[in-house]
Amino acid sequence: MKLLQTLVILLTICVFTGCGLNAIQQEGVARFAKASAGVGDFSARELSQLREATIEMNTKDIAINGKAKLTDLDESFDADDISARISASTALSSYGKLLLSLVEETQKAELKDASDQFVDSFRRVSGKNLNDEQLEALGTLVRGIGGLFIEYKKAKAVKKIVVDAKDDIDIICNLLIADFTRTELGLAQGVDVTIKRVKADADIALAMPTVDFQSRLIAVEAYRFADDSNARLTIVGKKAIETLTALKLANSQLVATIQKDKKSISDIRTLGSKIKELADATRVLSGN
Amino acid sequence: MTIGEQLAKTSDSILDLILATKDIERKKELREYLTAVLALTGKLVEAKVDRDTEKYKAASKALTSANAAIKEAIDDIKNVAETIKKLAKAVDLVGKLVDSLA
């Protein structure tokens with residue numbers, strides 16, 4: 001019975017010292033983690049899409065005798081630059097997914113299996129002294145302590161990781177915001193340059209008196225594609241900036257909730273609707 | 001107004017003029033101005049994109065370390081069940097020892 005006493009003492013210590021994340025902290029981490037995964041996946045996809053659009057626009061521009069260079073179809077989207085941005089977006093997404101799996105209850109089955117084995121072994125040793133009810137209570141106790149120990153470990157890991165990663169997440173958000181802003185000399189402004197060049201070149205190609213039907217068709221198609229890219233850059237870019245700004249705010253609130261036990265997670269809660277608006281905008285413009 | 005905003009505003013105005021004018025020679029003349037503004041914008045964009053690439057790489061590296069720390073924590077949590085299982089084995093062995101001595 002000495003072992004039972006020790007287990008009861010351990011359980012009591014854990015209950016009274018509060019060893020896990022509280023409900024608000026758990027909700028905050030889970031919501032932030034989902035948003036971070038969503039934003040990371042979106043950015044990786046959208047940056048690749050912008051690169052493809054740039055190459056496509058320049059290809060059409062060359063076809064209409066425009067000013068694009070055949071040797072520089074991707075312009076600002078050099079492989080090294082785009083790969084660094086996609087890696088950062090993927091790291092942001094992985095961070096969200098891993099953080100979510102850390103706070104979600106995924107170890108219950110393993111814990112039950114382990115406690116069943118423990119009770120079976122205990123039955124061999126003290127089975128003669130303990131009845132079935134007492135053995136069942138022992139199993140519940142072992143599971144409970146294992147669960148509390150897991151909650152303690154989760155809380156300890158989350159509290160350190162969320163605080164440590166805060167600045168780097170802010171940096172990635174700021175860099176992505178600059179890349180989605182048309183006037184920040186980032187990738188979006190690079191796309192803006194291509195859009196304007198194609199529009200001007202298509203307009204001039206169509207104004208030429210000797211232009212044949214086939215060339216006119218290519219020029220119209222080039223102009224239409226530049227116009228579609230312009231709409232996408234405007235709408236998706238705006239939503240992306242709003243969502244990344246919201247993610248940054250939520251990041252600060254998450255750290256305050258974790259570190260100072262702040263009760264409000266309003267910024268984190270609004271993230272879900274921002275992510276949905278972003279997904280809707282992307283879906284509408286992709287025609288899905 | 002930032003340099004990016006100024007350049008965007010200038011190129012917007014020139015493009016609007018190109019689209020509005022009917023005269024082909026005037027369009028071509030304006031396109032030369034537009035090409036010059038866009039070339040300058042493009043150069044500044046490429047320079048900033050390159051500088052930011054280094055910042056992305058550094059932040060990405062740090063976040064990858066955070067992800068490795070989360071994986072470690074997940075493995076550590078899995079070890080709780082493993083520890084209970086090991087404890088069960090130890091109790092089992094003690095039981096067998098007691099049986100053999102009885």
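Keep in mind that what you see is a predicted model, and the values were worked out from it rather than measured. (Residues numbered from 1 in each chain as written. Chains lettered and ligands numbered in written order. Predicted model: local features only at pLDDT ≥ 70, side-chain atom pairs only at ≥ 80, totals over all residues. Heavy atoms only, no water.)

Okay, the interface of chain A and chain B next. In this assembly, 67 residues from chain A lie in contact with 57 residues from chain B. Of the roughly 5,400 Å² buried between chain A and chain B on both sides combined, carbon and sulfur atoms contribute 71%. Ranking the residues of chain A by area buried against chain B places Arg124, Leu185 and Lys196 of chain A at the top, with a combined share of 13%. At the junction of chain A with chain B, the criterion picks out seven salt bridges. Taken together, chain A and chain B are joined by 19 residue pairs in polar contact (both at pLDDT 80 or more). Looking at the side of chain A that touches chain B, the elements with two or more residues in it are helix H3 (79-103), helix H4 (108-126), helix H5 (132-180) and helix H6 (187-207) of chain A. Counting residues per element, the side of chain A that touches chain B draws most heavily on H5 of chain A, which supplies 17 residues. By residue class, the composition of the side of chain A that touches chain B is 33 nonpolar, 15 polar and 19 charged. (Contact = heavy atoms within 4.5 Å. Buried area = accessible area lost by both parts, 1.4 Å probe. Salt bridge = Lys/Arg side-chain N within 4 Å of Asp/Glu carboxyl O. Polar contact = N/O pair within 3.5 Å; in protein donor to acceptor, adjacent residues only side chain to side chain. Helix = DSSP H or I, 4+ residues; strand = E, 2+ residues; numbered from the N terminus. Nonpolar A, V, L, I, M, F, W, Y, C, P; charged D, E, K, R; others polar.)

In this section: the packing of aromatic side chains. Residues and elements named next belong to chain A. Tallied over the entire structure, the rule returns two aromatic pairs over all chains. Ring geometry for Phe149 versus Tyr152: centroids 6.4 Å apart, planes at 25°, classification stacked. A residue pair is termed a helical-turn pair when its members lie 3 or 4 positions apart in one helix, as Phe149 and Tyr152 do in helix H5 at three residues. The class for Phe149 is partly exposed, based on a relative accessible area of 40%. Overall, Tyr152 belongs to the partly exposed group, its relative accessible area being 37%. Sitting above the plane of the Phe225 ring, Lys60 keeps its charged end 5.6 Å from the centroid. (Phe/Tyr/Trp six-rings, centres within 6.5 Å; stacked < 30°, edge-to-face > 60°. Buried < 20%, exposed > 50% of the residue type's maximum accessible area, 1.4 Å probe, protein only. Lys NZ or Arg CZ within 6 Å of the ring centre and 35° of its normal.)

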